[in-house]
Amino acid sequence: MLDIKLIRENPEFVKQGIANKNEKDRVDELLQLDKQRRDFIARADELKSKRNTVSQQVGQMKKSGQDATEIIAEMKRVGDEIAEYDNKLRSTEEEIDTILRYIPNLPHSSVPVGKTAEENIEVKRWLPDGFKFENDFKQIDHVELGKKLNILDFERGAKISGSGFPLYKGKGATLERSLINFMLDYHLQNHNYSEIFPPFLVNKESMRGTGQLPKMEEDMYHIEKDGLYPIPTAEVPVTNIHRDEILSEKDLPVKYVGYSACFRREAGSYGKESKGFLRVHQFNKVEMVKFVKPETSYDELELLVKDAEDILQALNIPYRILMLCTGDLSFSAAKCYDIETWSPAENKWLEASSCSNFEDFQARRSGIRFRNEQTKKPEFVHTLNGSGLATSRLMVSLLENYQTPEGKVIVPKILHKYTGFNVIE
RNA sequence: GGAGAGGUGGGUGAGUGGCUGAAACCAACGGUUUGCUAAACCGUCGUACUGUGUAAAGCGGUACCGAGGGUUCGAAUCCCUCCCUCUCCGCCA
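A. Spatial organisation of helix α10 (residues 297–315). With 19 residues, α10 ought to run about 27 Å at 1.5 Å a step, and its terminal C-alpha atoms sit 28 Å apart, in line with that. Directly beyond the C-terminal end of α10, a positive phi value near 60° is found at Asn316.

As structure tokens, this is what we get:
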């Protein structure tokens, strides 16, 4: 959520930012309502003030045995008037809130302006030693490979749950679990995060806090009976850990890493890119979340990307980093880097991580603050998160890049101690 | 699922209609004292909105004692609904 004061004071700046995100703005309407709101507040407060003083007098009069009937009658009328203004105020505030919650975060000034993913900028490419895009043999894709090696079973996954619910078997299951453990351990040991194992179902307030609701409602699973949502990412529960809290400045930055299963409806995206792991309803992800002081958040974003990169370098998987343009940024993000790993069989890059700075957008929505030691005042923290990483796309790149001409898959060396085997055949 | 207890400021915890935005204690912060540390003593110490300041500070107003309604001239305090936590019993992983 944006600060209404920012909008009030810099409406043109805000409109431009929204336009750059390809969204329509309702800023003028909002400012109109804002004005109305303050007017109602002024009137209601004045009357309340009157009521408070007079009510005290009534108390004293009664104590000293005087007759207060007339004053009481008048205050009753004042009370009715107050109620009227309060009602108007409430509906105005509801309108404001609705508009405000649909306004996206503004892009940071360093983000390139652009309409679509075409205009994202590749800022880095990392390839393992001796890597070639054109290999000596034709790699088969992960679906076929998984079937041949009997480690992935998308058909049976579909039988059990529906398409997009992968079933891992045997060494495939072990490899998946090993990847998760490796990534968690790596971040804990080398990047100084503390581990969280969050709930996978969250309430509405949590979904609102991180910005999934109300805009993305269609993309979320929803358990109506209990009012709970299966999480689309661990970002939701982990960021909400500190909802409505005031952290102390000396504890910042707070850095969490946690594993969760992630659930996404992916409404309307059938057909395209939906083969195997490319688009699934349930996947596994290790997520990093940071709560930081505002002035450090862009440095922290770079470090976050570096933390995710380290995993890929340790696994020796080719990747590139994109800086997303304004039009491709998500609703809550001010700046975002995507990390894409190479898939030889698909002959393209696959998004395996997304590292974003939300500045104070989520913090304002969910009331996450810290006490500034200088001013002693609470301020909103900046929140960031990044996948470190999602296993589904990573698994595609891993299986394909590590396959041999004979159709075996070599297990990356760093995973051996987790898997207990070195090859899948 | 059944029965009961309870939700007050950073924490503990008082407070059953006006003198309570809220005692007391702890923590925190500032200071005095001190060779240093500790102790002791003094002081400060909620948040949001809003008005007035060029702005910071300040000052004024309003609201907030789990949430939302209600009663009343006036509600932390009385009534209703909901949420949450805890204890006991039952069931179950």
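Here the narrative resumes, following the displayed structure.
B. Structural context of the pattern of salt bridges. Counted under the stated rule, the structure contains 32 salt bridges. Where Glu23 meets Lys215, a salt bridge forms, and the shortest distance between an N and an O atom there is 3.2 Å. Here Lys215 lies in the loop between α8 (204–210) and β4 (229–230) and Glu23 lies in the loop between α2 (11–20) and α3 (27–63), a separation of 192 residues in the sequence. Residue Glu122 pairs with Arg125 through a salt bridge whose shortest N-O separation is 2.6 Å.

C. The sheet that holds strand β2 (residues 194–196), seen in detail. The sheet built from eight strands is open, its strands ordered β1-β8-β9-β10-β13-β7-β6-β2 with mixed pairing. Among the strands making up the open sheet, the edge pair consists of β1 (121–126) and β2. Averaged over all pairs of adjacent strands, the angle between their axes in this sheet comes to 25°, without regard to strand direction. Relative to strand β13 (residues 382–390), strand β7 (residues 282–292) runs antiparallel, the two being bridged by seven bridges. Bridge pairing in β13 links Met288 to Gly386.

D. Structural context of unusual backbone geometry. For the bond from Leu213 to Pro214, the omega torsion is 5°, close enough to zero to count as cis. Even without a glycine there, the phi angle at Asn316 is positive, about 60°. Tracing the backbone through its elements, the reader meets Asn316 in the loop between α10 and β8 (319–323). A residue is classified by how much of its surface remains accessible, and Asn316, at 36% relative accessible area, is partly exposed. One non-glycine residue, Lys376, adopts positive backbone phi at about 70°. Among the structural elements, Lys376 can be located in the loop between β11 (368–371) and β12 (378–380).

Rules used throughout
Residues numbered from 1 in each chain as written. Chains lettered and ligands numbered in written order. Predicted model: local features only at pLDDT ≥ 70, side-chain atom pairs only at ≥ 80, totals over all residues. Heavy atoms only, no water. Helix = DSSP H or I, 4+ residues; strand = E, 2+ residues; numbered from the N terminus. Expected span 1.5 Å × (residues − 1). Salt bridge = Lys/Arg side-chain N within 4 Å of Asp/Glu carboxyl O. Pairing = 2+ DSSP bridges. Axes fitted to C-alpha atoms, helices over the stretch in contact; angles between N-to-C directions. Buried < 20%, exposed > 50% of the residue type's maximum accessible area, 1.4 Å probe, protein only.

It is worth stressing that arrangement in space is one thing and function is another; only the former is reported here.
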